[in-house]
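Remarks on the overall topology
The residues making up each chain are set out below.
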Amino acid sequence: MVLVATLLTAVGGLLVGVLLVLTDRGGLLAAPPVNAVLGLVVNIGRSLPFIILLVAIIPFTRAVVGTTIGTSAAIVPLTVGAIPFYARIVETALREVDSGVVAAARAMGASRREIVAKVLLRESRPGLVAGLTITVVALVGYSAMAGVVGGGGLGDLAIRYGYQRFETGVMIATVVLLVLFVQLTQMLGDLVARRLSHK
């Protein structure tokens, strides 16, 4: 559930984040009205608590996967909730790329596509990976909340057995697994970000 949501979030968040940078004033595809609308949508998506979003988009979830219960159904709100979060991280990482490098690429006749792919995305890889790591950790927390409404995963296990049936051992095991998963994810993300960094 987290893996699929992460893949979809990485693609969607990257696209939205790149668009936010490109359509901003002075961007390669400057379109301030488009940027304002896109920014508003992203801000609304980020401001909704996940548990409310989960319930609010039930009709959309049903339209996409045909059900609102189970792991497949949980992937939809997980992705919808995480894309705006990661998009802002992508935007921040791209804005940290030295403007002189972009100007040099433009002076050498690089196309917009080449500037995005070979300059902006390449130079911001450490930040993008670090941001994706943070997003995955957030998705783990979101997935646990999805268990409250029958989303499956460890959250569902913790609620159904650990809480409702008073099986403390199951609850403790679930918490330990979640902590271990987050720690491993963070360590792996930090390692990859360091490898990609020029410093």
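In this text, all values refer to a predicted model and were calculated from it rather than measured experimentally. (Residues numbered from 1 in each chain as written. Predicted model: local features only at pLDDT ≥ 70, side-chain atom pairs only at ≥ 80, totals over all residues. Heavy atoms only, no water.)

**Description of the overall build of the protein chain**
- Along the protein chain, the regular secondary structure elements total ten helices and zero strands.
- Of the regular secondary structure in the protein chain, the N- to C-terminal order runs α-α-α-α-α-α-α-α-α-α.
- Looking at the protein chain as a whole, 36% of its 199 residues qualify as buried.
- At a minimum sequence separation of 6, the contacts of the protein chain that also span at least 24 residues come to 68%. (Helix = DSSP H or I, 4+ residues; strand = E, 2+ residues; numbered from the N terminus. Buried < 20%, exposed > 50% of the residue type's maximum accessible area, 1.4 Å probe, protein only. Contact = heavy atoms within 4.5 Å.)

**Details of the confidence of the model for the protein chain**
- On average, the protein chain scores 86 in pLDDT, and the residues at 70 or more come to 90%.
- Taken element by element, the predicted model of the protein chain shows its lowest mean pLDDT in helix α9 (residues 153-163) (67) and its highest in helix α1 (residues 2-22) (94). (pLDDT = per-residue confidence, 0-100.)

**A few points about the nonpolar core**
- By size, the foremost hydrophobic cluster in this structure holds 16 residues, and its most contacted members are Leu94, Val102, Ile115, Val116, Val119 and Leu120.
- At the level of secondary structure, the elements contributing two or more residues to this core comprise α1, α5 (71-95), α6 (99-107) and α7 (112-123).
- The residues touching valine 119, leaving out its near neighbours within four places in the chain, are Val97, Val101, Val102, Ala105 and Glu114.
- By size, the runner-up hydrophobic cluster in this structure holds 15 residues, among which are Leu54, Ile57, Val136 and Tyr142. (Core = buried A, V, L, I, M, F, W, Y, C linked by side-chain atoms within 4.5 Å.)

**As for the environment of isoleucine 115**
- When you line up the elements, isoleucine 115 lands in helix α7.
- According to the relative accessible area criterion, isoleucine 115 is buried, its value standing at 2%.
- For isoleucine 115, the residues in contact, after removing those within four places along its chain, are Leu28, Val102, Ala105, Arg106, Ala110 and Leu120.

**Quick notes on the pattern of salt bridges**
- Taken as a whole, this structure holds three salt bridges when the rule is applied.
- The partner of arginine 95 in a salt bridge is aspartate 24, and the shortest N-O contact between them spans 2.9 Å. A residue pair is termed long-range when its members are at least 10 positions apart, and arginine 95 in helix α5 and aspartate 24 in the loop between α1 and α2 (32-47) qualify at 71 residues.
- A relative accessible area of 42% places arginine 95 in the partly exposed class.
- A salt bridge links glutamate 91 to arginine 88, with the nearest nitrogen and oxygen atoms 2.6 Å apart. Of this pair, glutamate 91 and arginine 88 both sit in helix α5, three residues apart, which is roughly one turn of that helix. (Salt bridge = Lys/Arg side-chain N within 4 Å of Asp/Glu carboxyl O.)

**Let's talk about a nonpolar patch on the surface**
- A contiguous nonpolar surface patch, about 500 Å² in accessible area, is contributed by Leu40, Ile44, Leu48, Ile51, Ile52 and Met145.
- At the level of secondary structure, the elements contributing two or more residues to the nonpolar patch comprise α2 and α3 (50-56). (Patch = residues over 30% accessible without salt bridge, like charges linked within 9 Å, V, L, I, M, F, W, Y side chains within 5 Å. Areas by Shrake-Rupley, 256 points an atom, 1.4 Å probe, with all protein chains shown as cover.)

**Considerations on the side chain of serine 124**
- Mapped onto the elements of the fold, serine 124 is located in the loop between α7 and α8 (125-146).
- The buried category is assigned to serine 124, whose relative accessible area is 3%.

**Re the environment of serine 111**
- Structurally, the position occupied by serine 111 is in the loop between α6 and α7.
- Since its relative accessible area comes to 34%, serine 111 is described here as partly exposed.
- Separated by 83 residues in the primary sequence, serine 111 and leucine 28 have C-alpha atoms spaced 9.8 Å apart.

**Considerations on α2**
- Taking 1.5 Å of rise per residue, 16 residues should cover 22 Å, and α2 covers 22 Å from first to last C-alpha, within 8% of that figure.
- Those residues of α2 that fall on the buried side of the exposure criterion are Asn35, Gly39, Val42 and Gly45. Taken down its axis, α2 places every buried residue within 125° of arc, on the same side. Residues of α2 that are exposed and point over 90 degrees away from its buried face: Pro33, Val37, Leu40, Val41 and Ser47. (Expected span 1.5 Å × (residues − 1). Arc of directions from axis to C-beta.)

**Looking at α6**
- Regarding α6, its N-cap is aspartate 98, as a side-chain oxygen of that residue lies 3.0 Å from the backbone nitrogen of glycine 100 further along.
- Of the residues trailing α6, glycine 109 is marked for its positive phi of about 85°. (Polar contact = N/O pair within 3.5 Å; in protein donor to acceptor, adjacent residues only side chain to side chain.)

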